[in-house]
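Overview (structure and organization)
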Amino acid sequence: RVEHPAGGYKKLFETVEELSSPVTAHVTGRIPTWLRGSLLRCGPGLFEVGAEPFYHLFDGQALLHKFDFKEGHVTYHRRFVRTDAYVRAMTEKRIVITEFGTYAYPDPCKNIFSRFFSYFKGVEVTDNALVNVYPIGEDYYACTETNFITKINPDTLETIKQVDLCKYVSVNGATAHPHVENDGTVYNIGNCFGKNFALAYNIIRIPPLQADKEDPMTKSEVVVQFPCSDRFKPSYVHSFGLTSNYIVFVETPVKINLLKFLSSWSLWGANYMDCFESNETMGVWLHVAEKKKGRLLNIKYRTSAFNLFHHINTYEDNGFLIVDLCTWKGFEFVYNYLYLANLRANWDEVKRQAEKAPQPEARRYVLPLNIDKADTGKNLVTLPYTTATATLRSDDTIWLEPEVIFSGPRHAFEFPQINYKKYGGKPYTYTYGLGLNHFVPDRLCKLNVKTKETWVWQEPDSYPSEPIFVSHPDALEEDDGVVLSIVVSPGAGPKPAYLLILSAKDMSEVARAEVEVNIPVTFHGLFKRA
């Protein structure tokens, strides 16, 4: 077990300046000549406005990062996304828009009457696009989990415009983890108001760019609506599963209290975090729909409570759906442990906090699609290669028990990535993840989901980001390619951060490209081929 007594991980949560133009990175090793394009990533880069701090990991203002690869040379660039939240904070020199875990106080310059009336405006929803970046048609968008996404220029990192999803399709928000199919079709999920005011979840589809060159957003549509376990309290949804024929939605016990969410936050100084609560009795409900027909399967899958942020992959096999997940056991919300005060604490305190938190485990669930009443009481899973079970109970529910694919005490396999273009939604063997040690990212891990064999890259006082797999252009095997990660190395070394390139085969180092500036934490991103 690696320890971090020097606390170098605190550098991940330090404000940095944007760059006016790209800087050249110093390469050691050899960048593969076939690696041409840009790694684009999002994360927080401004952790306070003047004397006002942001409190939660998901509050810092969105910073867009780009590493460019061309003829073995590497440059690094970054710009703050010019969201409403950022521009207004810069203009007024204070936090203006309430973020995930930080309440924005009303404007001190307004008089008591205008303050009183602003109580009735309701919540101004944040557009702080710090979580991910993804393509729609020929455009690229930075996003968070609200109804606002921000169109950006992937070459210059300039902000183009804010887009309100509500104007195109009936959702109150959408996740930062859409599925993008090879033809460019985008699927996502978001909470919505369904029949007679009950809450529900809509799957939306945005078609690929057509010959008419019209913005595909204008052609978005709802494919299917999943019901909610509690008509007043939708579950927090962060990602979902997709195969060629099915959509899988995992409904967890982390609930959004809508009455709190819709009440006037400014009256009681609330933020998004204050609106979450846990349902301690429901466990987890899994829902499946047919993708093409948009038809809900009337099968009630149930299992014990966990938090879920990231689906690893989902595929079909002989009448079963295999659903691989990064779970955190129990119903307490993991985000309660992601306040910056926790993450910036000294190592002993970081460990103490993580001991109390839900424990991480990568799991495989197997969902039978063909149910026969005659099998009541039996395990319906007949696949030879898994120990996961699905038992039909007399109340017509199917109780699921997982196969554990990765588990280590307070060591998470998280931010999973796969060879998505070729193996997303299909049978696969490998996933790449970020290893969290008591929530501190300190290693990169490759996992064989069939044999559970692991390969690890780790160096002392080095803090990597989500690994992005880039396939070799002439790849024959699933793991022919490289893995890219941004590493913060605040220790004795000369350079504060670097882009790391590993062989996807054995996680050995191929090259690194060092920069002279610190790079704060990034969450998600993509590789855009040149």
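Calculation criteria
- Residues numbered from 1 in each chain as written.
- Predicted model: local features only at pLDDT ≥ 70, side-chain atom pairs only at ≥ 80, totals over all residues.
- Heavy atoms only, no water.
- Helix = DSSP H or I, 4+ residues; strand = E, 2+ residues; numbered from the N terminus.
- Contact = heavy atoms within 4.5 Å.
- Salt bridge = Lys/Arg side-chain N within 4 Å of Asp/Glu carboxyl O.
- Buried < 20%, exposed > 50% of the residue type's maximum accessible area, 1.4 Å probe, protein only.
- Pairing = 2+ DSSP bridges.
- Polar contact = N/O pair within 3.5 Å; in protein donor to acceptor, adjacent residues only side chain to side chain.
- UniProt positions renumbered as here; feature names shortened; annotations may be inferred.

What about the environment of leucine 502?
Tracing the sequence through the fold places leucine 502 in strand S35 (residues 497-503). For the pair leucine 502 and glycine 525, spaced 23 residues apart in the sequence, the C-alpha separation amounts to 17 Å. Setting aside its immediate chain neighbours within four residues, leucine 502 contacts Leu444, Trp457, Gly481, Val482, Val483, Met507, Ser508, Glu509 and Val510.

Describing the pattern of salt bridges
Taken as a whole and assessed by the stated rule, the structure comprises 35 salt bridges. Between arginine 364 and aspartate 324 there is a salt bridge; the shortest N-O distance is 2.8 Å. With arginine 364 in strand S25 (residues 360-368) and aspartate 324 in strand S24 (residues 320-329), the pair connects residues that are 40 residues apart, well separated along the chain. For the pair arginine 364 and aspartate 324, one class covers both residues: buried. Members of the salt-bridge network, linked through shared partners, are Lys446, Glu477, Asp479, Asp480 and Lys505.

Quick look at the sheet that holds strand S14 (residues 199-206)
With antiparallel pairing, the 4 strands of this open sheet are ordered in space as S12-S13-S14-S15. Both outer strands of the open sheet, strand S12 (179-180) and strand S15 (221-227), are each paired with one neighbouring strand and no more.

Notes on the side chain of glutamate 403
By the secondary structure assignment, glutamate 403 is in strand S28 (residues 403-406). Judged by its relative accessible area of 5%, glutamate 403 falls in the buried class. A polar side-chain atom of glutamate 403 sits 2.6 Å from a polar atom in the side chain of threonine 386.

Some details on unusual backbone geometry
A negative phi holds for most residues other than glycine; trans holds for most peptide bonds. Of note in this structure, lysine 93 is not a glycine but carries a positive phi near 55 degrees. Relative to the assigned elements, lysine 93 resides in the loop between helix H1 (84-92) and helix H2 (112-118). On the accessibility criterion, lysine 93 (67% relative accessible area) is exposed. At phenylalanine 439, a residue that is not glycine, the phi angle is positive and equals roughly 75 degrees. Its place among the elements puts phenylalanine 439 in the loop between strand S30 (430-437) and strand S31 (440-448). Classification of phenylalanine 439 as buried rests on a relative accessible area of 15%.

A closer look at the UniProt feature "binding site: Fe cation" (unreviewed entry) in the protein
UniProt tags His177, His238, His310 and His524 as "binding site: Fe cation" (unreviewed entry). Their sequence span is 348 residues, while the largest C-alpha to C-alpha distance among them is just 12.7 Å; these annotated residues converge on one region. In this structure, histidine 238 sits in the loop between S15 and strand S16 (241-242). The contacts of histidine 238, once residues within four sequence positions are left out, are Glu145, Thr175, His177, Leu308, Phe309, His310, Tyr335 and His524. There is a polar contact of 2.9 Å between the side chain of histidine 238 and the side chain of glutamate 145. Structurally, histidine 524 can be placed in strand S37 (residues 524-529). When sequence neighbours within four positions are dropped, the list of residues in contact with histidine 524 reads Leu40, Arg41, Cys42, Val131, Asn132, His177, His238, His310, Phe415 and Glu466.

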